[in-house]
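Chain residues, written in single-letter form:
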Amino acid sequence: CETCSKEEAKYRCPRCMKYSCSLLCVKKHKLLQSCNGIRDKTAFVSINEFTDLNLLSDYRFLEDIGRTADAAARHPIVHSPSTKKLLYYLRNRARKCDIDLRTLPIGFTKRRENSTTYSDAEKKFYWHLKLVFPHCHAEYILKGVPDDKLLADILKPYIDPVESDPVVCQRLKMYTMSPQSDIQILMKIENRKQNSVRYNLLDASKSLLDNLKGKVIIEYPTLFVVLKTLKNDMVVLGQDASESAEDSESESSSLSSMEEGEIRDSS
């Protein structure tokens, strides 16, 4: 058992593959790891391990997506003039800030939970923001984050040894115990092929707005806080030796030429 390390393991979590010996350890593992225990239907499976069960699972997954998309298209809110006007307004304001903001159809989780707003009086966005700490399997949702707030200030309540909440500090101990110079903030580049996932390296000394400029955002930003030595396969754009400058330029060109409102499910 990977939770108590005392008893022989009997169960394996479908989500993170951790072994547990009892219901108590299963619940404890879910609490400590923020794991929901639900199998990730989009997780990568190599061709050598791909079986008929994986094929059936993928088929059912696509059927579920089809039903969800069809239900979303029939939803009355989709055709509401006020809803369309609001989304157009947010995309238009984002475009003026040099941000390519794209929205998903009604029914998608990110569309439903997005709380991003724009203040005409202050001329700035208040973003719905997700912070992911992959090394500690932790995620936090922030609402109403002003776009002029520095990334360093956004992260202080989480990784600063002095200013962070004691409970959060304990959970993110790996980060709070590491030098600030070892911490990087990454954001996934949207609309790339599944086998060429890349991340943008953000500047913690700059505002959220400055870091989002020139980038594609689907609904709201998701920031990955990682340690340099442990980021593993999270490749930063331009730092991969096999990736040429020509490839980067063609990717940038393809993003800028895409029609506004086009949606690709990057998963």
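Since we're looking at a predicted model, the values are computed, not measured.

1. A look at the overall build of the chain
Part 1 of the argument: Looking only at helices and strands, the chain has nine helices and ten strands in total.
Part 2 of the argument: Pairs at least 24 residues apart make up 58% of the contacts formed inside the chain by residues separated by at least 6 positions.
Part 3 of the argument: When the accessible surface of the chain is summed, it comes to about 16,600 Å², and 54% of that surface belongs to carbon and sulfur atoms.

2. Some words on the UniProt feature "domain: HIT-type" (unreviewed entry) in the chain
Part 1 of the argument: UniProt tags residues 1-35 as "domain: HIT-type" (unreviewed entry).
Part 2 of the argument: As annotated, residues 1-35 comprises 31% helix and 11% strand, and the C-alpha atoms at either end are separated by 16 Å.

3. Side note on the pattern of salt bridges
Part 1 of the argument: Going through the model one piece at a time under the given rule, you end up with eleven salt bridges.
Part 2 of the argument: Residues Glu2 and Lys18 are paired through a salt bridge, measuring 3.8 Å at the closest nitrogen-oxygen approach. Here the residue Glu2 occupies a position in the segment before β1 (11-12), and Lys18 occupies one in the loop between β1 and β2 (19-20), the gap between them amounting to 16 residues.
Part 3 of the argument: Across the salt bridge formed by Arg102 and Asp100, the nearest N and O atoms sit 2.7 Å from each other.
Part 4 of the argument: The buried category is assigned to Arg102, whose relative accessible area is 4%.
Part 5 of the argument: With a relative accessible area of 26%, Asp100 lands in the partly exposed category.
Part 6 of the argument: Among the charged side chains, a salt-bridge network with shared partners connects Lys41, Asp64 and Arg67.

4. Re the environment of Thr42
Part 1 of the argument: Relative to the assigned elements, Thr42 resides in the loop between α1 (23-33) and α2 (52-74).
Part 2 of the argument: For Thr42, a relative accessible area of 34% corresponds to the partly exposed category.
Part 3 of the argument: For the pair formed by Thr42 and Phe61, sequence separation is 19 residues and the distance between their alpha carbons is 8.7 Å.
Part 4 of the argument: A distance of 2.9 Å separates a polar atom in the side chain of Thr42 from a polar atom in the side chain of Asp40.

5. Here's the deal with a nonpolar patch on the surface
Part 1 of the argument: A surface patch of nonpolar side chains, about 320 Å² in accessible area, is lined by Ile47, Phe50 and Leu55.
Part 2 of the argument: In this fold, Ile47 is placed in the loop between α1 and α2.
Part 3 of the argument: Judged by relative accessible area, Ile47 falls into the exposed class, the value being 73%.

6. With respect to helix α5 (residues 151-159)
Part 1 of the argument: Along α5, the positions that sit buried rather than exposed are Leu151, Ile154, Leu155, Tyr158 and Ile159. What you see down the axis of α5 is that its buried residues fit within an arc of 110°, all on one side.

About the thresholds
Residues numbered from 1 in each chain as written. Predicted model: local features only at pLDDT ≥ 70, side-chain atom pairs only at ≥ 80, totals over all residues. Heavy atoms only, no water. Helix = DSSP H or I, 4+ residues; strand = E, 2+ residues; numbered from the N terminus. Contact = heavy atoms within 4.5 Å. Areas by Shrake-Rupley, 256 points an atom, 1.4 Å probe, with all protein chains shown as cover. UniProt positions renumbered as here; feature names shortened; annotations may be inferred. Salt bridge = Lys/Arg side-chain N within 4 Å of Asp/Glu carboxyl O. Buried < 20%, exposed > 50% of the residue type's maximum accessible area, 1.4 Å probe, protein only. Polar contact = N/O pair within 3.5 Å; in protein donor to acceptor, adjacent residues only side chain to side chain. Patch = residues over 30% accessible without salt bridge, like charges linked within 9 Å, V, L, I, M, F, W, Y side chains within 5 Å. Arc of directions from axis to C-beta.

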